[in-house]
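Commentary on secondary and tertiary structure
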Amino acid sequence: MKKYLATGVLTLAALVPMSAFGQNAFVQGGQTTVALSTDFVSALSSLGVQAAAVKPGMLANGVATFPVTGGLAVKGGNIEINHIGGLSLTAGSTVVELVNFTIDVVNPAAPVLSGVVLANGAVAGRLPLFDLTLNTAPKRAGTLLAIRNVGLTLTSTAASALNSVFNVTAFQEGLSIGTANSNALLTAPFNLQ
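Throughout what follows, the structure given in this document is the object of discussion. Here the structure is a predicted model, which is why all the values come from computation and not from measurement. (Residues numbered from 1 in each chain as written. Predicted model: local features only at pLDDT ≥ 70, side-chain atom pairs only at ≥ 80, totals over all residues. Heavy atoms only, no water.)

What to know about the nonpolar core
Counting 45 residues, the largest nonpolar core has Leu113, Leu129, Leu152, Leu154, Phe166, Phe171 and Ile177 as the members making the most contacts within it. For this core, the element with the highest residue contribution is strand S11 (residues 144-154), accounting for five residues. The residues contacting leucine 113, other than those within four sequence positions of it, are Phe101, Thr102, Ile103, Leu127, Pro128, Leu129, Phe130, Leu132 and Leu152. (Core = buried A, V, L, I, M, F, W, Y, C linked by side-chain atoms within 4.5 Å. Buried < 20%, exposed > 50% of the residue type's maximum accessible area, 1.4 Å probe, protein only. Helix = DSSP H or I, 4+ residues; strand = E, 2+ residues; numbered from the N terminus. Contact = heavy atoms within 4.5 Å.)

Structure below.
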């Protein structure tokens, strides 16, 4: 089984000014699920691309699940949630793995999900994979942080990378990937506002 090092080390200075330190809560676990869209599944099928889970992620009945490994929630609504596992996309001898996802709501106007991309075993780097549409504001109940009904669409960077690796033109910016729900366990109760 392939092992991946958890990525996404936080640089706190990039999230908040020094005066805000101490007004945060760390993420210590949880999971994110993504119900894959029919558009994405159809696009993969038309290209002969098979999707599978990279463990410890899971993929069953069109729903992908990824364990949360850490992150940070900062007063004012800045959130980062790190995951392990991912998805593999295979067509013939070409294998692309998208792993160790990070949900970034550091800029609430442009939230994004990034991931480490491996093409045929070679690391291409961490790329912005999916633009996020927050249809509802993140909610906290006790030490549970919930982000619900998040729309995922393919970024132009990810579309270009996938088209290049698979030698196609079918992946387009804005392609609906699915809808995500994330439950993150915080180290302490915390007011996001």
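Now that the structure has been shown, the text picks up again.
Notes on helix H3 (residues 156-166)
Along H3, the residues classified as buried are Ala158, Ala159, Leu162, Asn163 and Phe166. Mapping the buried residues of H3 onto a view down its axis gives an arc of 130°, with all of them on the same face. Tucked into the core, H3 has its buried residues touching strand S6 (86-91), strand S7 (94-104), strand S9 (122-134) and S11. Asparagine 167 occupies a position one or two residues after H3 and carries a positive phi of about 55°. (Arc of directions from axis to C-beta.)

Observations regarding unusual backbone geometry
In the segment running from lysine 55 into proline 56, the intervening peptide bond is cis, with an omega of 10°. Within the secondary structure, proline 56 is located in the loop between strand S2 (50-54) and strand S3 (58-60). With phi around 50°, asparagine 120 is a residue other than glycine that occupies positive phi space. Tracing the sequence through the fold places asparagine 120 in the loop between strand S8 (112-119) and S9. If you check the backbone angles, asparagine 167 has positive phi at about 55° while not being a glycine. Structurally, asparagine 167 is set in the loop between H3 and strand S12 (176-186). The class for asparagine 167 is exposed, based on a relative accessible area of 71%.

Quick look at the packing of aromatic side chains
The description of an aromatic ring pair uses the distance of the two centres, along with the angle that the planes make with each other. All told, the structure shown has two aromatic pairs when counted by the stated rule. Judged by centre distance (6.4 Å) and plane angle (35°), the ring pair of phenylalanine 166 and phenylalanine 171 falls under tilted. For the pair phenylalanine 166 and phenylalanine 171, a shared accessibility class is recorded, and that class is buried. (Phe/Tyr/Trp six-rings, centres within 6.5 Å; stacked < 30°, edge-to-face > 60°.)

Some details on helix H2 (residues 38-46)
Here H2 has its buried residues at Phe40, Ala43 and Leu44. One side of H2 carries all its buried residues, which in axial view fall inside an arc of 95°. Every exposed residue of H2 that faces more than 90 degrees away from the buried side is listed here: Thr38, Ser45 and Ser46. On the buried face of H2, the contacting elements are strand S1 (24-36), S2, S6 and S12.

Focus on the side chain of histidine 83
One can find histidine 83 in strand S5 (residues 78-83). Side-chain polar atoms of histidine 83 contact the backbone oxygen of isoleucine 81, separated by 3.4 Å. (Polar contact = N/O pair within 3.5 Å; in protein donor to acceptor, adjacent residues only side chain to side chain.)

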